[in-house]
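So the chains spell out like this:
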Amino acid sequence: AIEKSILIMNKLYYFYIVAKEGSVKSASEKLHLTQPTISSQIKELEEDLGFDVFIRKHRKLDLNRNGRFVLKKAEKLFAIADELENALPIRGKAERVKINIGAIQSLSNSFIYNFSMKLWQDDSVYIRITQGSQEELMKKMDRGEIDLILSDGNYGKSKKLKSILLGQDKIVAVGPKDLEFNRRKFPKNLEDYHYISFSNQGRLQEDVEYFFDRENIHPEKIGEVDDITLMKVITKHTQSFSILPHRAVKNQLQRGDLKLLGELKELKTGLWAIFPSLSANKLVIRKVLNDYFHRKSKK
């Protein structure tokens, strides 16, 4: 029942944003998700509820009577979340609940912190974050050493696991700020430059290799790195390029430390939370997921 509630909250969140923004297009731009992803989530919500929430007129969406009712409930639900957090009793020196979060190395540190931010401020929780390859983290989850994995792919292929889409991000190629690069010839001219890749074969790296094969691009790979922070440093100080999620390099691009070479528009990387269906820490997992979606709804 708890897992089902989390999934419905996820879908309700997308409905809430679409209703507030007035269209799937505007919501997709705000959430950095594709329009089909949002549309499918709303469709699933309607199937769960047993009724439609929108009147569909070509590309325009208007709330129907049921939709207006659901929106009011959603607004109250998100408001109650804040009130509940403030009303929770202080545990004092009671033993903290331990939660172990795993994160694959291609995720940015800023995203990992943003996801777990409220937990670091919760005096009832003790957090441990472990970074590693998808394979390593899944093995640790099987052994009960990790409660939740932040990943770039939906690896929940077993009934023993639950996977929730947290968001999506665009994929970009970046290089040092002084790299001479003609963006009009992107992406074909990438093969004229040295390339640094991830050494772990996660979903992002698989998608990049597929993109190279499809576009018949053959850049010279000069090395592999399994840490996203180190990859950005090496890219900054060499005449090489790397391909990373946009949110991982957003600050470096704004500061001018790195140069944007182009966006791989055909590719998107997903941000997923994966956790066991049966977990001793399911209440903490539910809390961090609900908080994450609640904060996103306010942006």
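In every chain, residue numbers begin from 1 and rise along the written sequence. Only residues with pLDDT of 70 or above have their local features reported here, since the model is predicted, and side-chain atom pairs are shown and tallied only from 80 upward, although totals for entire chains, interfaces and linings are computed over all residues. Hydrogens are left out, water is left out, and the side-chain values use all remaining heavy atoms of the structure.

(A) Helix α9 (residues 246–255), seen in detail. Three labels apply to residues, based on accessible area from a 1.4 Å probe with only protein chains included: buried if under 20% of the type maximum, exposed if over 50%, partly exposed otherwise in between. Runs of H or I in DSSP of at least four residues are treated as helices and runs of E of at least two as strands, each being numbered from the N terminus. Three or more residues of α9 are buried, namely H246, A248, V249, Q252 and L253. Projection of α9 onto a plane perpendicular to its axis shows the buried side chains occupying an angular sector of 130 degrees, all on one side. For α9, the exposed residues set more than 90 degrees away from the buried face come down to Q254 and R255. Here, residues are in contact when the closest pair of their heavy atoms is within 4.5 Å. Looking at the buried side of α9, the elements it contacts are β6 (161–176), α8 (228–237), β9 (240–245) and β10 (258–276). G256, located one to two residues past α9, shows a positive phi value of around 85 degrees. Comment: arc refers to directions from the helix axis out to C-beta atoms.

(B) Structural detail: the pattern of salt bridges. Criterion for a salt bridge: a side-chain nitrogen of Lys or Arg within 4 Å of a carboxyl oxygen of Asp or Glu. For the structure shown, the criterion picks out 13 salt bridges. The residue K287 makes a salt bridge to D122 at a minimum N-O spacing of 2.5 Å. Taken together, the residues K287 in helix α10 (residues 282–297) and D122 in the loop between α5 (109–120) and β4 (125–132) connect sequence positions 165 residues apart. Between R255 and D257 there is a salt bridge; the shortest N-O distance is 2.9 Å. On the basis of relative accessibility, which here comes to 54%, the residue R255 falls in the exposed class. Here D257 falls in the buried class, since its relative accessible area comes to 18%. One salt-bridge network, held together by shared partners, links K11, E44 and D48.

(C) Region of the structure containing the sheet that holds β6. Across the sheet, which stays open at both edges, the eight strands sit in the order β4-β3-β5-β10-β6-β9-β7-β8 with mixed pairing between neighbours. With one partner strand each, in any of the chains shown, β4 and β8 (220–225) form the two edges of the open sheet. Across this sheet, the average inter-strand angle for adjacent strands is 25 degrees, counted without regard to direction. Strands pair, by our definition, only if DSSP identifies at least two bridges between them. Two elements, β6 and β9, share four bridges in a ladder whose sense is antiparallel. Among the inter-strand pairings, V172 is bridged to a residue of β9, identified as L244. The axes are straight lines fitted to the C-alpha atoms, using for helices just the contacting stretch, and the angles between their N-to-C directions are given from 0 to 180°. Most of the contacts of α5 go to β4, to which it runs at about 165 degrees, and overall it touches β3 (97–104), β4, β5 (148–151), β6 and β10.

(D) The arrangement of the nonpolar core in detail. The criterion is simple. A nonpolar core is a set of buried Ala, Val, Leu, Ile, Met, Phe, Trp, Tyr and Cys residues joined through side-chain atoms within 4.5 Å. Core analysis: the largest hydrophobic core is formed by 54 residues, its most contacted members being F15, F115, L150, L166 and L289. Excluding residues within four positions of it along the chain, L166 makes contact with Y14, F111, F115, L150, L271, W272, A273, L289, Y292, F293 and K296. Residues Y193, L204, V208 and F241 belong to the second largest nonpolar core, which totals 30 residues.

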